[in-house]
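Reading the structure
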Amino acid sequence: MKIISLLIFLFILNLNSFGQSLFFNNLNHTNWISTSKISDSIILKSPQIPLSKLIYPKDSIKENVIIWAFKDSILTILEFNHQLKTETILYEYLYEVIPEKGYLKIATKNDLMFFYEVGITSSGNYAILLKH
């Protein structure tokens, strides 16, 4: 019984690592969406931030969302207005992937640094950033 429990635990741990690999390997030049408002203080206080990969054209979005655009070590957070089809830049941060630890480091212009562990993902399209 102990061996079976250990095998199940190792299998689940392996799935989580696979999901993290999908997230980190494909992060650069991807856009993710969140439906909750974002700010430095929310990032500082929030224990978790759920994200969904933007896989459809922005014109198909039916609600206002926050877009997390990762490109060349710069994370741009934009507010997308679905009625006007406009984007407004809210924040720009530097980001760094630390894959061996499963962390995403986000640094603000005020030298604040936030470390997130990537939670369980589903086929690479859903992630939850867990404050570390």
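Scroll up for the structure.
Residues numbered from 1 in each chain as written. Predicted model: local features only at pLDDT ≥ 70, side-chain atom pairs only at ≥ 80, totals over all residues. Heavy atoms only, no water.

1. Brief notes about the overall build of the protein chain
What the protein chain contains, in helices and strands, is 2 helices and 8 strands. N-terminal to C-terminal, the α/β element order of the protein chain is α-β-α-β-β-β-β-β-β-β. Within the protein chain, the fraction of its 132 residues that count as buried is 35%. Taking as baseline every contact in the protein chain between residues at least 6 positions apart, the subset at least 24 positions apart corresponds to 46%. When the accessible surface of the protein chain is totalled, it reaches about 8400 Å², and 60% of it is carbon and sulfur. (Helix = DSSP H or I, 4+ residues; strand = E, 2+ residues; numbered from the N terminus. Buried < 20%, exposed > 50% of the residue type's maximum accessible area, 1.4 Å probe, protein only. Contact = heavy atoms within 4.5 Å. Areas by Shrake-Rupley, 256 points an atom, 1.4 Å probe, with all protein chains shown as cover.)

2. Remarks on the packing of aromatic side chains
Tallied over the full model, the rule gives 3 aromatic pairs. Centre to centre, the rings of F70 and Y95 are 5.0 Å apart; their planes meet at 90°, and the pair counts as edge-to-face. Taken together, the residues F70 in strand β3 (residues 65–71) and Y95 in strand β5 (residues 86–98) connect sequence positions 25 residues apart. With respect to burial, F70 and Y95 carry one shared label: buried. A ring pair is formed by Y91 and Y93, whose centres lie 5.8 Å apart and whose planes are at 10°; its orientation type is stacked. The class of Y93 is buried, set by a relative accessible area of 3%. (Phe/Tyr/Trp six-rings, centres within 6.5 Å; stacked < 30°, edge-to-face > 60°.)

3. With respect to the sheet that holds strand β1 (residues 30–34)
If you walk around this closed barrel you meet the 8 strands as β1-β2-β8-β7-β6-β5-β4-β3, and the pairing is antiparallel. For this sheet, the mean angle separating the axes of adjacent strands, direction not counted, is 35°. Where strand β2 (residues 48–53) lies against strand β8 (residues 126–131), 5 bridges are found, and the strand directions are antiparallel. Note that in β8 the partner of P50 across the bridge is I128. (Pairing = 2+ DSSP bridges. Axes fitted to C-alpha atoms, helices over the stretch in contact; angles between N-to-C directions.)

4. Topic: unusual backbone geometry
Keep in mind that most residues, glycine aside, have a negative phi and that most peptide bonds are trans. Positive phi is not limited to glycine here, since D72 has a value of about 50°. In this structure, D72 sits in the loop between β3 and β4 (74–81).

5. A closer look at the pairing of β5
As paired strands, β4 and β5 are joined by 8 bridges and run antiparallel to one another. Counterpart to L78 in the pairing with β5 is I89. Where β4 folds back on β5, the antiparallel hairpin that results is connected by 4 residues, among which K85 adopts a positive phi of roughly 60°. With 5 bridges connecting them, β5 and strand β6 (residues 103–107) associate as antiparallel partners. The residue of β6 that forms the bridge with E96 is K105. Connecting β5 to the next strand, β6, in antiparallel fashion are 4 residues, including G102 with a positive phi near 75°.

6. So, the side chain of T108
Residue position: T108 is located in the loop between β6 and β7 (113–118). Here the side chain of T108 touches N110 through a polar contact of 3.2 Å, landing on its backbone nitrogen. (Polar contact = N/O pair within 3.5 Å; in protein donor to acceptor, adjacent residues only side chain to side chain.)

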